[in-house]
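# Fold and contact review
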Amino acid sequence: MNVYDATRMADLLGQEGYAETTNEAEADLVILNTCHIREKAAEKIYSELGKLALEKRAREVSGRDMKIVVAGCVAQAEGAEVLKRQRAVDLVVGPQSYHRLPDLLQRAREGGRLTDTDFAVEDKFDALPQPSRAQIRARGVSAFVTVQEGCDKFCSFCVVPYTRGAEVSRPVADIVAETRRLVEAGVAEVTLIGQNVNAYRGPDEKGAEWSLARLFEHLSEMRGLERLRYTTSHPVDMAQDLIEAHESIPKLMPYVHLPVQSGSDRILKAMNRKHKAEDFLDIVARLRKARPDMAMSSDFIVGFPGETDEDFEATMQLVRDVGFASSFSFKYSPRPGTPGAERDDQIGEEVMRERLAALQALLEEQRQSFNSATVGRTIDVLFEKQGRHEGQIGGKSPYMQAVHVSGSAEMIGRVAPVAIVAAGSNSLAGRLLGEGEEAKA
Ligand code: SAH
Ligand code: SF4
C-alpha cells in the first residue's frame, strides 16, 4: 500500500512540475513515506531524517532549499513527536490526506511547519489526478489499484486501525476506470490492494454492494488485462464466492496471501483474530479444491504475549499441514496504544529469536521445495523486464516466482509458456517454448 501511495504522490507532484530522482543530493523535496507496523520500521525514520537534516543545512549555506516531508503511518501516529525530534522536517502528512500536498507545500514555502492527519479517504481518491500514459509505462506491466482502505478488526497487536482509520471501500466505477486506464497504457497484471481486501463491499452506480468476487468477475472481461491478484486478505472474510472465483476465473492467479499469525487457538483468541486454526485449514482446503495448484502465502508473528512452547509448536504444526510457497514472519513488536502492548506477560527477546529462527527455517525449506517442484513443468510467465544479462528477460509465474529466460524485449508485457529447467535460491531458470512445442503440465 505504501508503494501505491508513493506512486500517487509522484503522479500528483508530477503535475506540479516535480520529477522523480533516486539521488537525494539533487532533490528539492524529499518525502519519507513511513511504516508504523513494527518498532524497527518506525525507528529507522529518525536516523534517515538525521542524514537529511545535515544535507539540508549544508544547502542552506549555499542558498539552496530542500523541503523534508514525513508521510505515511508514522506521520499519522506520532506527527507531533516527529516535528519535535527533528527540526528539519517541514511537513507531516498522514496516509489519508496526501492529496493536499501541493497546497501544503505552498504553505510550507510561505513559512511555518505543518501537520495534516485528517482521515479524508473519499476526498483523497476524488482529488488525486490520474497518472499519464508515460508515467504508467515507466512503472512497468504490473500495477496496484487500491480498492479498500482502513481496518475495523482491531487485532490486539496491530496499529493499522489507529493509523489508517475505519474500513472504506471505493466505488466500483472508480476502480474500473483506474484499471482501464492502466490497461490501455500497457499494464497486463493488476493487484487489487486493501488492508482487508476481501472485506471489499463497494457500491456500484445503482448503489448495490459488490463483493470482491463480483469485482473480479467484471474486471476479468477487460481485454488486455491478463492477470488479477489481490492482497491482503483476512481469513474471516474469505467468502465462498471468492474461493469459487478461483475456479471460474482463469485470470485470477492461483496464489493467495492469507495471514494467519499463529497456529494456536489460544493465541488467535488473544490476538482477537476471531477464527481458529481449523478454520484456516478449512479455507486452504476449499481453495485447493477450487484450484488444485493453489499456492499459499502467509504472515506469522512469534512471541505474542503469553505464547508458550506449546502454542509455538501449534504454529509449526499448522505450517507443516499447509505447506507454504512463501511467507513473512516477524517477532512480536509491542505497539503504543494496542491492547497487546499493555499485557504483563511479554516474551523475552531470546525466546522470540529462537522461535523465529525455527519457524523461518521450516518456511524456507517449504519455499525451496515449492520452487524445486516446478522444475520440469511448463508454466505461463508474464514478462516484466529485461534480465540482468544481455538477451535475458524476467517475469513472474502464476505463483509469484521470479523466472528468467533467454528472449527478446518484445516479449515484455506478454504471457508465454516457459519450460522450467532449474530452481535457484531466489528465481527459476526457464526456456521459452518454441512454436508447436508441447507443454508439460
Ligand atoms: N491486514 C493484514 C496485515 C496487516 S499488517 C492482516 O490482517 O493480516 C502486516 C503484517 O505485519 C501482519 O500480518 C502481521 O504479521 C505483522 N504485524 C502487524 N503488527 C505487528 C506487531 N505489532 N508485531 C509484529 N508483527 C506485526
Ligand atoms: Fe491489523 Fe490486519 Fe488485524 Fe486489521 S486485520 S487490525 S490490519 S492485522
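The structure displayed is predicted, hence computed values, not measured ones.

Unoccupied space between atoms shows up once a probe the size of one water molecule is rolled over them. By volume, the second largest pocket amounts to about 1000 Å³. Every residue lining the second largest pocket is counted, 34 residues in all, and those nearest its centre are Glu20, Thr21, Leu29, Val30 and Ile31. If you list the elements that add at least two residues to the lining of the second largest pocket, you get α1 (2-14), β1 (29-34), α2 (39-61) and α6 (133-138). No other element matches α1, which puts eight residues into the lining of the second largest pocket.

Along its sequence, the protein is carved into domain 1 (2-123), domain 2 (125-370) and domain 3 (378-432). Computed from C-alpha atoms alone, the centre-to-centre distance between domain 1 and domain 2 is 28 Å. Across the contact, 28 residues belong to domain 1 and 28 residues belong to domain 2. Here domain 1 packs against domain 2, burying approximately 2500 Å² in sum over the two surfaces, 55% of which is carbon and sulfur. Interface area lost by domain 1 to domain 2 is led by Tyr4, Arg8 and Asp11, which between them contribute 26%. Note that arginine 139 is salt-bridged to aspartate 11, the shortest N-O span being 2.8 Å. Mapped onto the side of domain 1 that touches domain 2, the elements with two or more residues apiece are α1, α2, α3 (72-85) and α5 (121-127).

Another aspect to go through is the site of ligand 1. The local shell around ligand 1 holds 16 residues, among which Phe157, Gln195, Gln261, Asp299 and Ser333 are the closest. Note that a nitrogen atom of ligand 1 is positioned 2.8 Å from one of the backbone N or O atoms of serine 333. Against a free-state accessible area of 540 Å², the protein chains account for coverage of 90% of ligand 1. Of all the secondary-structure elements, those providing two or more residues to the shell around ligand 1 are β13 (295-302) and β14 (326-331).

Bringing helix α9 (residues 212-219) into the picture now. Buried within α9 we find Leu212, Ala213, Leu215, Phe216 and Leu219. Relative to the axis of α9, the buried residues are bounded by an arc of 160° and lie together on one face. Structurally, α9 contributes buried residues whose contacts are with α8 (172-184), β8 (189-193), β10 (209-210), β11 (227-231) and α10 (240-248).

Looking now at the packing of α10 against helix α12 (residues 277-290). Here α10 crosses α12 at 30°, and the two axes come no closer than 7 Å. The residues of α12 that touch α10, namely those facing Gln240, Ile243, His246 and Glu247, are Ile283, Arg286, Leu287 and Ala290.

A complete count under the given rule lists 32 salt bridges for this structure. Here aspartate 118 and arginine 100 are joined by a salt bridge, their closest N and O atoms 3.6 Å apart. Residue aspartate 118 is located in the loop between β4 (114-116) and α5, and its partner arginine 100 is located in the loop between β3 (91-93) and α4 (101-109); the two are separated by 18 residues in the primary sequence. Residue class for aspartate 118 comes out partly exposed when judged on its relative accessible area of 41%. The exposure class of arginine 100 is partly exposed, given its relative accessible area of 22%. Because the salt bridges share partners, they merge into one network encompassing Arg8, Asp11, Glu20, Arg139, Arg170 and Glu178.

Glancing now at the nonpolar core. Leu192, Leu215 and Tyr230 are the most contacted members of the largest nonpolar core, which has 55 residues in total. When neighbours within four sequence positions are excluded, leucine 192 is seen to be in contact with Val145, Val147, Val197, Leu212, Leu215, Phe216, Leu219, Arg229, Tyr230 and Thr231.

Rules used in this analysis
- Residues numbered from 1 in each chain as written.
- Chains lettered and ligands numbered in written order.
- Predicted model: local features only at pLDDT ≥ 70, side-chain atom pairs only at ≥ 80, totals over all residues.
- Heavy atoms only, no water.
- 1 Å grid on protein atoms, 1.4 Å probe; cavity = no way out; pocket = protein on both sides within 12 Å on 5 of 7 lines; lining within 4 Å.
- Points joined across faces, edges and corners; volume = space filled by probe spheres on them.
- Helix = DSSP H or I, 4+ residues; strand = E, 2+ residues; numbered from the N terminus.
- Domains from an automatic or database assignment.
- Contact = heavy atoms within 4.5 Å.
- Buried area = accessible area lost by both parts, 1.4 Å probe.
- Salt bridge = Lys/Arg side-chain N within 4 Å of Asp/Glu carboxyl O.
- Near = heavy atom within 4 Å.
- Polar contact = N/O pair within 3.5 Å; in protein donor to acceptor, adjacent residues only side chain to side chain.
- Areas by Shrake-Rupley, 256 points an atom, 1.4 Å probe, with all protein chains shown as cover.
- Buried < 20%, exposed > 50% of the residue type's maximum accessible area, 1.4 Å probe, protein only.
- Arc of directions from axis to C-beta.
- Axes fitted to C-alpha atoms, helices over the stretch in contact; angles between N-to-C directions.
- Core = buried A, V, L, I, M, F, W, Y, C linked by side-chain atoms within 4.5 Å.

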